[in-house]
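Working through the structure, step by step
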Amino acid sequence: SHYHHQLFQNFWCPSIHVEAVESMQKHFQAKESDVIVASFPKSGTIWIKALTFAIINHQRFSSFENHPLLTSNPHELVPFLESLFGGNFNDHQIQLLENKPDPRLFGTHTPFPSLPESIKESNCKVVYICRNPFDNFVSAWIYFNKIKPDSLPPIPLDDAFELYCEGILDYGPWWSHMLDYWKESVAKPNKVLFLKYDDLKEDTNFHVKRIAEFFGCSFTEEEENNGTVENIIQICSFEKMKDLAVNKSGKVGKAAVDKKNFFRKGENGDWINHFSPSMIEKLSKIVEEKFDGSGLSFKNCS
Ligand code: A3P
């Protein structure tokens, strides 16, 4: 079940993905043209997958009437490496991956140190998203209670919060996850683009242009004026994606999660509705302690 994770290579790996992470480390051969969309869970993965797909393909799908994002869930267009690899991984699947048209887009929640060597060493690009820990926690707690099997009781807020403060959450500790990608983005800004959900939400237009620039497919002046950027933002917006038939029913991925559970509120600062003063104090302290001197900081939390 989703309750099961284990400390593996210094992170809390969901038990159902341990084999997959090992298998992708062994078999995945990154190409220079690959795009890896990395994230800490519940940080806007689905949003950055949609945006990255739309931005990279903006010349191919310049008409938005039959855009793939209208008929496919972003997790289908940008599959998780952790879902593609695993127990039944074989030569046939290697071939399928080889035959995928360039640029290949993949998602991952795996921490930077545990990515396949070929991703770390090749010139393929990585776009990373995380979120202020306050909203990240609330999103994770509510999501977790939605996807848990009916046979298990819901996790009370306080228990979930204790675990979060210990860093015990799938792919955590969250601070190491964020800091490892952060350091890599500082050392290699052309390789890793580090984004925060909070910033993306605050000024989507600015960040869409920044992402395009990072991938070497900047918008022309004409595209900026003819609504291309706004169209991309629209098609990837929370309201639009949540309302699509394809995102309202059905399941996706190895964990067979109901697609509708990926869309909740999609706002900054909802944590204020769930945090007590003592929780605020405790998490603020941890954030301060863990990120002190790193250059990484978050708005939208105290
Ligand atoms: P909330 O629970 O705060 O609403 P992930 O994709 O990593 O699981 O992240 C899920 C969070 O992203 C949820 O946050 C979800 O509502 C939000 N989200 C989903 N689609 C979005 C979109 N198109 N734009 C902004 N936020 C989105």
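Small disclaimer: the values here were computed from a predicted structure and weren't measured.

Here's the deal with the pairing of strand β1 (residues 5–8)
As judged from the 4 bridges shared by β1 and strand β2 (residues 11–14), these two strands associate in the antiparallel manner. Bridge assignment links L7 to a residue of β2, and that residue is W12. Counting the residues that bridge the hairpin from β1 to β2 gives 2 residues, and of these Q9 lies at a positive phi of roughly 45 degrees.

Thoughts on the packing of helix α2 (residues 45–56) against helix α12 (residues 204–214)
Each pair of packed helices can be described by the angle between their axes along with the distance between the axes. Axis separation between α2 and α12 bottoms out at 10 Å; the angle between their running directions is 55 degrees. With respect to α12, the axis of α2 lies oblique. At the point where α2 passes α12, the crossing takes the right-handed sense. Across from W47, I48, L51 and I55 in α2, the residues of α12 making contact are T204, V208, I211 and A212. When the residues that make up the contact of α2 with α12 are grouped by side-chain class, the tally is 7 nonpolar, 1 polar and no charged.

A closer look at the sheet that holds strand β3 (residues 35–39)
The 4 strands are arranged β4-β3-β5-β6 in an open sheet whose pairing can be described as parallel. The sheet terminates laterally at β4 (105–108) and β6 (192–196), the two strands that pair on one side only. If you compare each strand with its neighbour and ignore which way they point, the axes differ by 20 degrees on average. Bridge count for β3 against strand β5 (residues 125–130) is 5 bridges, and the pairing is parallel. Within the sheet, the bridge partner assigned to I36 lies in β5 and is V126. Sitting on the sheet, α2 is in contact with β3, β4, β5 and β6, with an inclination near 160 degrees to β3. Across the face of the sheet, helix α10 (residues 174–187) comes into contact with β3, β4, β5 and β6 while running at roughly 130 degrees to β6.

Some remarks on the site of the ligand
The environment of the ligand is formed by 18 residues, the closest being K42, T45, S139, R264 and K265. Between R131 and the ligand, the recorded distance is 3.0 Å, taken from a side-chain N or O atom to an oxygen atom. Y197 is positioned such that a nitrogen or oxygen atom in its side chain is 2.8 Å from a nitrogen atom of the ligand. Among the secondary structure elements, those contributing two or more residues to the shell around the ligand are α2 and α15 (238–243).

Parameters and conventions
Residues numbered from 1 in each chain as written. Predicted model: local features only at pLDDT ≥ 70, side-chain atom pairs only at ≥ 80, totals over all residues. Heavy atoms only, no water. Pairing = 2+ DSSP bridges. Helix = DSSP H or I, 4+ residues; strand = E, 2+ residues; numbered from the N terminus. Axes fitted to C-alpha atoms, helices over the stretch in contact; angles between N-to-C directions. Parallel < 35°, antiparallel > 145°, perpendicular 65-115°, else oblique. Left-handed = near helix turned anticlockwise from the far one by under 90°. Contact = heavy atoms within 4.5 Å. Nonpolar A, V, L, I, M, F, W, Y, C, P; charged D, E, K, R; others polar. Near = heavy atom within 4 Å. Polar contact = N/O pair within 3.5 Å; in protein donor to acceptor, adjacent residues only side chain to side chain.

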